[in-house]
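# A look at the structure
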Amino acid sequence: MTPKEAIITCQIACDDCKRNHFFVSCIEERCANYIKIKALEKQLPKKPITDSTHYAGLEDFFCPSCKKRIVSRLDGKWCAGRPQKCCEECGQALDWSDT
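Just so we're clear, the structure is a prediction, and the values are computed from it rather than from any experiment.

## Remarks on the overall build of the chain
Assigned secondary structure in the chain consists of two helices and four strands. When its helices and strands are written in sequence order, the chain yields α-α-β-β-β-β. The contacts of the chain with a sequence gap of at least 6 include a subset with a gap of at least 24, amounting to 36%.

## Section: the packing of aromatic side chains
Enumeration according to the criterion identifies three aromatic pairs in this entry. Here Phe61 and Trp78 contribute two aromatic rings whose centre-to-centre distance is 5.3 Å and whose plane-to-plane angle is 55 degrees, an arrangement assigned as tilted. Residue Phe61 is located in strand β2 (residues 58–62), and its partner Trp78 is located in strand β4 (residues 77–79); the two are separated by 17 residues in the primary sequence. A relative accessible area of 1% places Phe61 in the buried class. Residue Trp78 is classed as partly exposed on the basis of its relative accessible area of 27%. Pairwise contacts between aromatic rings join Phe61, Trp78 and Trp96 into one cluster.

## Description of the pairing of strand β3 (residues 69–74)
With five bridges connecting them, β2 and β3 associate as antiparallel partners. Of the residues in β3, the one forming a bridge with Phe61 is Val71. Linking β2 to β3, which pair antiparallel, is a turn of six residues; within it Lys67 sits at a positive phi near 70 degrees. Direction of pairing for β3 relative to β4: antiparallel, over a ladder of three bridges. Residue pairing across strands places Ser72 opposite Cys79, the latter belonging to β4.

Calculation criteria
- Residues numbered from 1 in each chain as written.
- Predicted model: local features only at pLDDT ≥ 70, side-chain atom pairs only at ≥ 80, totals over all residues.
- Heavy atoms only, no water.
- Helix = DSSP H or I, 4+ residues; strand = E, 2+ residues; numbered from the N terminus.
- Contact = heavy atoms within 4.5 Å.
- Phe/Tyr/Trp six-rings, centres within 6.5 Å; stacked < 30°, edge-to-face > 60°.
- Buried < 20%, exposed > 50% of the residue type's maximum accessible area, 1.4 Å probe, protein only.
- Pairing = 2+ DSSP bridges.

What follows is the structure, given as structure tokens:
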């Protein structure tokens, strides 16, 4: 089962739970399926956020989930680290294609 398929399965379970009123006041942050969905979403690669407003030729790349700086690129060369498969802070999978 892929992460996307598992997310769909958990979403269906959450919808069933809400529809059948198993929880009078369902708090999503405490729902096991909600927690599973959030963990599975981190396995789906997202493109890093790029910020090139500080200095000419400098690009900073940030995690799209926790906003931590991952790496920088100066005049097309990686500096202050290397592109990573996932964020060291929150575990979000990263997609570096087209960067």
